[in-house]
Amino acid sequence: MKIKKFTAASMQEAALLIRKELGNDAVILNSKKIKKRKWFGLINKPAVEVIAVLDQDFPKKKTPQKEAEPEQTLKTPVSSPKIEERTYPPQFPQPHEPGDFSVYQSVLPEPLRKTEKLLQDSGIKESTKTNALKKLLRCSVETGGLTEENVIGKLEDILCDTLPSADKWQEPIHSKYIVLFGSTGAGKTTTLAKLAAISMLEKQKKIAFITTDTYRIAAVEQLKTYAELLQAPLEVCYTKEEFEKAKELFTEYDHVFIDTAGRNFKEQRFIDELKETIPFESSIQSFLVLSATAKYEDMKHIVKRFSSVPVNQFIFTKIDETASLGSVFNILSESKMGVGFITNGQNVPEDIQTVSPLDFVRMLCR
Ligand SMILES: Nc1nc2c(ncn2[C@@H]2O[C@H](COP(=O)(O)OP(=O)(O)OP(=O)(O)O)[C@@H](O)[C@H]2O)c(=O)[nH]1
Ligand SMILES: [Mg+2]
């Protein structure tokens, strides 16, 4: 494949240059009007800058009737002086094809360069970034160029399409038992307190707490403080039997918020321990709590471990502590689960909210 930039006084002149150098099969990838500086910058002459590509490896047309129609309108007839600016190579890499995108990266229009940087800085996976840029580049060529404003809107749509569908997000608290699990210090207890406080103060629900976190001495005290503030009962359970007894105690309650110990869930035995204490059944709404500051590979490991536990949704905490949501995006794009809540601060109960896929993508692109 040959890609070359041509500068000429007019499109007609550029077309002749392209034909001479790359031949009749060359196609124009991009063109723009520029001012050519002459005489040490004293004279600015209007000119055009054209990027043309010749790819001998592009497969030849197979069925002329089928392909002729869209291609002929898209492919620039280089031999003709009437070159249209809205053109792209007929074999432009499809978003789902691996293709050699690096070739096109060198000719990305300015708004897309910025987008590339944004995606790069966010930490989203290389394959997601490349696919999104291919789609944007295609859209840019088809529409005669995307502006900086509409490129973000388009990017948001593209990224949303790779996330679990909107109906899997924002599920309100609806079950009697709400359980949160996740890594050490992810924010489980704080988030549980936020959810409990909202249920009680805003929804006027009768609430109670159970904790199975008997691992850390301070853990019970931490939840007890919240329970006392909300004047709600708390039961500490070491075994499944004690858990069943606590459930009986709380038959009159609307919601029972269950805290669990943060463990290194990369180890299977801690998952097994969790399953031994908590009887997972349909009346339990469960959330996997992950800190948005965690590394993608580590989160991926935990999510994989939790595949044997019936988890309903994610909760991503500490959104306020990170500048890049790419790792969260990567986890979500690989998952079938949506986001129940995100938390963005230590204040109970204020710093918690629900998000739609679009809200989340907007946060990523901000
Ligand atoms: N900045 C910020 N801090 C948070 C957020 N959520 C929780 N925290 C803080 O994170 C720390 C740990 O929170 P906990 O709720 O104790 O975490 P945990 O998952 O229960 O911890 P273990 O029970 O020890 O596994 C506390 O200092 C919280 O105030 C959040 O959304 N943003
Ligand atoms: Mg805790």
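Residues numbered from 1 in each chain as written. Chains lettered and ligands numbered in written order. Predicted model: local features only at pLDDT ≥ 70, side-chain atom pairs only at ≥ 80, totals over all residues. Heavy atoms only, no water.

Formally: UniProt positions are given in the numbering used here, feature names are shortened, and annotations may be inferred rather than shown by experiment.
As recorded in an unreviewed UniProt entry, the protein goes by Flagellar biosynthesis protein FlhF and comes from Bacillus vallismortis. Per UniProt, the protein has the following entry under Subcellular location (unreviewed entry): "Cell membrane". The annotation that UniProt attaches to the protein under Sequence similarities (unreviewed entry) is "Belongs to the GTP-binding SRP family."

1. Notes on the site of ligand 1
Going by this rule: Here a residue is considered near a molecule or strand provided that any single heavy atom belonging to it is located within 4 Å of it. To measure how exposed things are, a 1.4 Å probe is used in the Shrake-Rupley method; for residues, cover is taken only from the protein chains shown. The helix and strand labels rest on DSSP assignments: H or I over at least four residues marks a helix, E over at least two residues marks a strand, and numbering proceeds from the N terminus. Each residue gets one label: Ala, Val, Leu, Ile, Met, Phe, Trp, Tyr, Cys and Pro are nonpolar, Asp, Glu, Lys and Arg are charged, and the others, such as Gly, are polar.
Taken together, 19 residues lie near ligand 1, and Lys188, Thr189, Thr190, Glu321 and Thr343 sit nearest. When isolated, ligand 1 has an accessible area of 660 Å², and the protein chains bury 83% of it. If one sorts the elements of the shell around ligand 1 by residue count, helix 7 (residues 188-201) sits on top with three residues. Looking at the shell around ligand 1, its residues break down into one nonpolar, twelve polar and six charged.

2. Quick word on the environment of leucine 288
Short version of the rule: The cut-offs for exposure are 20% and 50% of the maximum accessible area for each residue type, with area from a 1.4 Å probe on protein chains only; residues under the lower value are buried, those over the upper are exposed, and the others partly exposed. In what follows, a contact means two residues having at least one pair of non-hydrogen atoms within 4.5 Å.
Tracing the chain through its elements places leucine 288 in strand 8 (residues 284-291). Assessed through its relative accessible area of 1%, leucine 288 is described here as buried. For the pair leucine 288 and asparagine 312, spaced 24 residues apart in sequence, the C-alpha to C-alpha distance is 7.9 Å. If near-sequence neighbours (up to four positions away) are discounted, leucine 288 is found in contact with Phe181, Gly182, Ile302, Val303, Phe306, Val311, Gln313, Phe314 and Ile315.

3. Description of the environment of serine 333
Looking at where serine 333 falls in the secondary structure, it is placed in helix 12 (residues 326-334). Given the relative accessible area of 23%, serine 333 is considered partly exposed. In sequence terms serine 333 and leucine 159 are 174 residues apart; their C-alpha atoms lie 8.9 Å from each other. Setting aside chain neighbours within four positions, we find serine 333 in contact with Lys125, Thr162 and Leu163.

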